[in-house]
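Remarks on the overall topology
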Amino acid sequence: MRSEWISRLNYGTLKGPCRINVPLFNKVLNPRTATATRWISDFAALFVPRRCAGCDTTLLRFEECLCLGCEEELPRTRFHEDPANRVEQLFWGKVQLEAASALLHFARTGMVQHMLHRVKYQQDSETGLFLGKLMGEELKASPRFATVDTLLAVPLHHKKERVRGYNQAQLLVDGIREVWPLPSVGKELMRVVRTPTQTKRGRLDRWLNVKEAFHLPDPEALRGKHVLIVDDVVTTGATIEGCVHALRAVPDLRVSLFTAACA
Ligand SMILES: [Zn+2]
């Protein structure tokens, strides 16, 4: 399958011995029709090959972020239309959400973990935007998220964001907006407590830790909106609970959640 793609893309359809697809040949090799950016990216690829965010193999020119194999094997949840899906159940009896879902299933080892690690710790903005676009495509097609009118990335503490240089949730929002151009709010919700890494904490500890972690300086700015909270991964849901807790001050607000992955 893959080799067939390559031959179709690079050489066109061969109709006999030594016959080539002339228009395609011209497009690929004629310096007047080749774009400067492609020359540059092909040249750069000689030295720094683009790698698949899922399995690290070298990407072909037409592959964006993931190789064809990984893209086909993405563990999509496809449970957005189920009001009793696993993500929604995390919040039952705790906070009110209109709808909640995730794009992918997360496993500690594997493709999704690899991708999210690159987005979070290796400044891989291309993978962040790519995941965001996939999220946007599924959100746009989902009736349960149809009334969302504002996107909100779960904020990082400003010191953490300065050290990292970016907020990975905002990258996802930027990707979503490429296919679903809704307004996004950034500074309306602030992370005021710098929470330490949470991976080894118990559930109660985590909750106490993030319950007061967010602050909303101007609740009126979001009055009457349907806000979609966006984050990279949801595990216990404690961070999201913290966000929704802070958003409760907004009159007539509806809140939904969509993450790149759920554990
Ligand atoms: Zn791959």
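Use the structure listed above.
Here the residue index of a chain counts from 1 through its sequence in written order. Side-chain atom pairs in this predicted model are given and counted only at pLDDT of 80 or more, local residue features only at pLDDT of at least 70, and totals for whole chains, interfaces and linings cover all residues.

Re the overall build of the chain
As a reminder of what qualifies: For the purposes of this entry, the term helix denotes a DSSP run of H or I that reaches at least four residues, the term strand denotes a run of E that reaches at least two, and both are numbered from the N terminus. For the purpose of contact definition, each residue receives a C-beta atom placed from its backbone, and two residues are in contact when these atoms lie within 7 Å.
Along the backbone of the chain there are eleven helices and seven strands. For the chain, the proportion of contacts with a sequence separation of at least 24, taken over those separated by at least 6, is 74%.

Quick notes on the packing of helix α6 (residues 111-121) against helix α7 (residues 125-140)
A pair of packed helices is characterised by two quantities: the angle between their axes and the separation of those axes. We apply this condition: Angles run from 0 to 180 degrees between N-to-C directions of axes, and those axes are lines fitted to C-alpha atoms, restricted for helices to the stretch in contact. Any angle that falls under 35 degrees is termed roughly parallel, while one over 145 is termed roughly antiparallel, one within 65 to 115 roughly perpendicular, and all others oblique. Crossings are classed by handedness, with left-handed meaning an anticlockwise turn of the near helix from the far one by less than a right angle and right-handed meaning a clockwise turn.
Look at α6 against α7: their axes get within 8 Å of each other, and the N-to-C directions meet at 120°. Between α6 and α7, the angle falls in the class oblique. For the element pair α6 and α7, the recorded crossing hand is left-handed. Residues Met115, Arg118 and Val119 of α6 lie in contact with α7, whose contacting residues are Thr127, Gly128 and Leu131.

Examining the nonpolar core
Note the cut-off: Buried Ala, Val, Leu, Ile, Met, Phe, Trp, Tyr and Cys residues whose C-beta atoms connect them within 7 Å together make up a nonpolar core. With C-beta atoms placed from the backbone, the exposure class of a residue follows from how many other C-beta atoms lie within 10 Å of its own: 20 or more, buried; 12 or fewer, exposed; in between, partly exposed. How far each domain reaches was decided by an automatic or database domain assignment.
With 58 residues, the main nonpolar core has Leu172, Ile229 and Val230 as its most contacted residues. Built from parts of two domains, this core gets at least three residues from each of domain 1 (2-72) and domain 2 (75-262). Those residues in contact with leucine 172 that lie beyond four places of it in its chain are Gly128, Leu131, Gly132, Met135, Ala153, Val230, Asp232 and Ala260.

Notes on the packing of α7 against helix α9 (residues 168-179)
To keep it simple, the criterion reads: Here the nonpolar group is Ala, Val, Leu, Ile, Met, Phe, Trp, Tyr, Cys and Pro; Asp, Glu, Lys and Arg are the charged ones; every other residue, Gly included, is treated as polar.
Put simply, α7 and α9 touch, their axes get as near as 6 Å, and they point 50° apart. Judged on the interaxial angle alone, α9 and α7 are oblique. Between α7 and α9 the crossing geometry is right-handed. Mapping the contact onto sequence places Ser125, Gly128, Leu129, Phe130, Leu131, Gly132, Lys133, Met135, Gly136, Glu137, Leu139 and Lys140 in α7 and Gln168, Leu171, Leu172, Val173, Asp174, Gly175, Ile176, Glu178 and Val179 in α9. Within the contact of α7 with α9, the residues separate by chemical class into ten nonpolar, six polar and five charged.

A few points about the pairing of strand β2 (residues 150-153)
The cut-off we apply is this: Here, a strand pair is defined by DSSP locating no fewer than two bridges between the strands.
With four bridges joining them, β2 and strand β6 (residues 226-234) adopt parallel strand pairing. Considered in β6, the bridge of alanine 153 is made with valine 230.

Focus on the sheet that holds strand β7 (residues 254-262)
Reading across the sheet, the five strands line up as β1-β7-β6-β2-β3 and stay open at both edges, with parallel pairing between neighbours. The outermost strands of the open sheet, each flanked by one partner alone, are β1 (100-105) and β3 (184-185). Summarising the sheet, β2 and β3 pair through two bridges and their orientation is parallel. By the bridge assignment for β3, leucine 151 is matched with serine 184. On the sheet, helix α11 (residues 238-247) packs against β6 and β7 and is oriented at approximately 160° with respect to β6.

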